[in-house]
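The residues making up each chain are set out below.
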Amino acid sequence: MTDRRGAWALVCVLAAIGLLAFARAAPGSPRAGQQVYVFPIPGSRVASPQSQIAFRGVPITAIGAVTVVGSRSGTHTGTLRGDSDGHGASFLPSGAFAAGETVTVTTSLNIVGGSRGAFRFTVATPAGAVPYKRGISAPRVPGDVLAFHSRPDLRPVAVRVTHRSRSPLSGDIFLTPWYGPLADGPMIVDANGGLIWFSPVSAGQRASDLRVQRYLGKPVLTWWQGLSGAGLGFGKDVIYDSSYRQIATVNGANGFPADLHEFEITALNTAIITTHQPVYWDASGIRGGKKRQIVVDSVVQEIDIPTGLLLFQWDSLDHVPVTDSYVRLPPPRTNDPFDYFHVNSVDVDRDGNLIVSGRNTWTIYKIDRHTGAVIWRLGGAHSSFKLAPGTYWAFQHDVRVRAHNDMYITLFDNESGVYRVRKQSGALKLRLDLKHMTATHVHRDSHAPATLAPFAGDVQQLPDHNDFVGWGARPYISEYSPSGRLLYDAHFLGANASYRAYLLPWRGQPDPALSPPNIAVSSTRHGLVVYASWNGATDVSSWRVLGGQTPTALHPVATSRRIGFETSISTGRYAYVAVQALDGARHVLGQSPPSSAAKGSLQKNS
C-alpha cells in the first residue's frame, strides 16, 4: 500500500512538472530564462529624451508590467505596441525624459545586461539641431542637362560615356546627382547614358542612395531624400514599387531624422538606417577639447517598417571614445559640431551581426546585433587585426561583406576627408583571416586620370566579380574586371557628384491610369512631328501615333521603334494626335491623352 501511495505521489509530482512546463511553453508566456534584449541598452549614456523602450525576444503578451521612472521626471505612464514580427514590443512613454537624468526600468523579464529584470540608462543632453544648408549648384557647362519636348519639367544632369569594352552592361545605372545644376533627384540611365527615369526632388533638397532592393518578396526602388548640412542628412527613406508608387516611408525612431548614408532592407523585411544626434559631451581628452563640447553621436537603427517601431539601436558614444577620431575639432567660428565618428555604411554579416563603417575613425566595426557590443575592430587606433604590409585606407565609405569561403570585404578608400592623406582614392578589396586575425590587401581599382574624392563613393561587386565603382564627390562611374582592367567609364557633364552608383537590373511600368505616356507636337511645312516619352517605362519597344480630326475618332497613322527616352515621329497633318506605347509583341502598354496639333505651336500633355 505504501508503495502504491509513493507511486501515486510521484505521478502527481511529474504531472505538476509537466503542467508547469506546458504553462511556460504556452503562447504568450516566456520560457524560463528566456533572454530579452532592450534598447536603450542597459548603461547607455546617450539615450534620446524621446526614447521608446524596445524589448526584443518575447511577444508583447509576455512582457507584463513595465515601470519606468526618471530620476528627475518621475514615473512615466505609456503604452505597449507590438512589433509586426511578433517577437517584441516597445513601451512608448507618454512624455519625454529630462536631459541628463537616469531612467530606471523595472520588469519581470530576464533582461540581458540588467539585474533581476531591472536596468538603467542615462538621457543625453541634446545640443540642438545641426544647421542644414541649401544645396549648391554646379557651374553650367555646355550640354550639362538633358531637355525633352514631351517632358520639359524634367531637366536632369547629362551623363557621357567615354570608354566601353564590355557590351552590353548587366543592368542599368542608378544615380542621385547632388549639384543640379537645375534639378536633383533619383535617376536611372542606360549603358549609353540615356535617361530611363528621373524624379526631381523639391528645390533645396537632395536624394541619396537610389538602388533596387527587395521588400516583401518583390523588387522595389529605395532612396533617401531630404536636407543636408555638415555632412549629415535630415530626411526620410522611401520605398517605391515597380509602378513608381510610394508604398512605404521609413523615419528614424526616438525623434531622430533618417540620415542620407544608409538605408538597407534586410532579409527579414526590416530597415537598417543611419541617424545622429548632437549632444554635449566631455571631449577634454583631445587637443583643444572642452568638458562640454558639442559632439555628434552616430547612430545605427533597425526599424520595423510596418509599425515604425525601433528594433535595435547602436550609439557610437556608448562604444567608441572621441579620442579614437582622426579629425580635429571644427573651428570655433563655425556652427558645425564635432563629428568624431561619422557612420556612413552598415552591412549585415553572414552571421546576422552588423558591419559598421566609421569614416572619421578609419575603422570598421563588427557589432553584436542583439547587444550592440563591439565584437572586433578593423583598422584605426585599436585594430583587432594586424594589417599586412601595403594594407591601408583612410576616410573610407561603403564597407561591404563579400560571401566566399574566406571573409572578404570591399570598401571605397577615399584617402581624403577633412584633409588629404594620400594622392588618390581607390576601390579596395581585403581578405580577413579570422583565425589569425590578419587583414591583407587583395586588390585596388584606381581611376585614370587619378582622382581624389573627399566624400562619398562606393564599390559594388557584380555577380561576375567585376567591380562597379561610383567615385562619390568626383563625377566618374566605372566598371573594372577582377584583374583591374577598365571595362566601362562614364561621367556627369560638369562638376557633379552622386553619393553612390549602382549597376542593377530593373523593370518598371508606370500605371497608365495614373501616369500615362507623354506627348508633344510641333508643326512643320511637311506635317507634324510627334514627341513621345514615358518616364520610367522599361518595356516600351515602339511607339504608335494615332491621328484624326476629332479627339474621339483617332486611328493609327505611324509607328516607330523607341529611340532613347524621347522618340520623335513624323506624320501627316491631323487636328488631334495621341501615342500608344507598345511592347515587343506589339501589345499596348499605355496611351497618352489626345493632344491638339494647332499649327505653329508645340503642345504637350504632362
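Our subject is the structure that appears above.
Residues numbered from 1 in each chain as written. Predicted model: local features only at pLDDT ≥ 70, side-chain atom pairs only at ≥ 80, totals over all residues. Heavy atoms only, no water.

Caption draft 1: Quick peek at the overall build of the protein chain. Secondary structure summary: the protein chain contains two helices and 44 strands in total. Its C-alpha atoms put the protein chain at 110 × 65 × 50 Å along the principal axes. Across the 606 residues of the protein chain, 53% fall into the buried class. Contacts in the protein chain between residues at least 24 apart in sequence constitute 58% of all its contacts with a sequence separation of at least 6. Distance between charge centres in the protein chain, computed from 57 positive and 43 negative side chains, equals 3 Å. (Helix = DSSP H or I, 4+ residues; strand = E, 2+ residues; numbered from the N terminus. Buried < 20%, exposed > 50% of the residue type's maximum accessible area, 1.4 Å probe, protein only. Contact = heavy atoms within 4.5 Å. Lys, Arg positive; Asp, Glu negative; His and termini not counted. Charge placed at Lys NZ, Arg CZ, Asp CG, Glu CD.)

Caption draft 2: Structural view of the nonpolar core. Membership of the largest hydrophobic core comes to 45 residues, with the highest contact counts inside it found for Val300, Val322 and Val356. Sequence-distant contacts of Val356, defined by excluding residues within four places in its chain, comprise Val300, Trp314, Phe341, Val343, Ser345, Val346, Thr363, Ile364, Tyr365 and Ile367. Val159, Ala183, Val189 and Ala501 belong to the second largest nonpolar core, which has 22 residues in total. (Core = buried A, V, L, I, M, F, W, Y, C linked by side-chain atoms within 4.5 Å.)

Caption draft 3: Main features of the side chain of Glu302. Looking at the secondary structure, you find Glu302 in strand E20 (residues 293-303). Of the polar contacts made by the side chain of Glu302, one reaches the side chain of Arg369; its length is 3.0 Å. Excluding anything up to four places from it in sequence, Glu302 contacts Thr266, Thr270, Ala271, Ile272, Leu309, Leu310, Leu311, Phe312 and Arg369. (Polar contact = N/O pair within 3.5 Å; in protein donor to acceptor, adjacent residues only side chain to side chain.)

Caption draft 4: Spatial organisation of the sheet that holds strand E25 (residues 374-378). Pairing is antiparallel across the open sheet formed by four strands, whose spatial order is E22-E23-E24-E25. Single-partner strands in this sheet number two, and they are strand E22 (343-348) and E25. Across the sheet, the mean angle separating the axes of adjacent strands is 20° when strand polarity is ignored. Across four bridges, the pairing between strand E24 (residues 363-367) and E25 is antiparallel. In the sheet register, Lys366 faces E25, and the bridge partner there is Trp376. (Pairing = 2+ DSSP bridges. Axes fitted to C-alpha atoms, helices over the stretch in contact; angles between N-to-C directions.)

Caption draft 5: View of the packing of aromatic side chains. Tallied over the entire structure, the rule returns 20 aromatic pairs. Relative to Phe565, the ring of Phe148 has its centre 4.5 Å away and its plane inclined at 45°; by these criteria the two rings are tilted. Of the two residues, Phe148 is situated in the loop between strand E9 (118-122) and strand E10 (159-164) and Phe565 in the loop between strand E39 (555-561) and strand E40 (566-571); the sequence distance between them amounts to 417 residues. Residue classification places Phe565 among the buried residues on the basis of a relative accessible area of 7%. (Phe/Tyr/Trp six-rings, centres within 6.5 Å; stacked < 30°, edge-to-face > 60°.)

Caption draft 6: Region of the structure containing the sheet that holds strand E21 (residues 310-315). Reading across from one edge, E18-E19-E20-E21 is the order of the four strands in this open sheet, with antiparallel pairing throughout. One side of each edge strand has no neighbouring strand; the edge strands of this open sheet are strand E18 (263-265) and E21. Averaged over all pairs of adjacent strands, the angle between strand axes in this sheet comes to 30°, irrespective of strand direction. With eleven bridges connecting them, strand E19 (residues 271-281) and E20 associate as antiparallel partners. Residue pairing in the sheet places Tyr280 in a bridge with Ile294 of E20.

Caption draft 7: Structural detail: the environment of Trp314. Structurally, the position occupied by Trp314 is in strand E21. Considering only alpha carbons, one finds Trp314 and Gly233, 81 residues apart in sequence, at a separation of 18 Å. Residues contacting Trp314, with those up to four places away along its chain left out, are Ser298, Val299, Val300, His319, Val320, Phe341, Val356, Ile367, Gly372 and Val374. Of the polar contacts made by the side chain of Trp314, one reaches the side chain of His319; its length is 3.5 Å.

On their own, these measurements won't tell you what the molecule is for.
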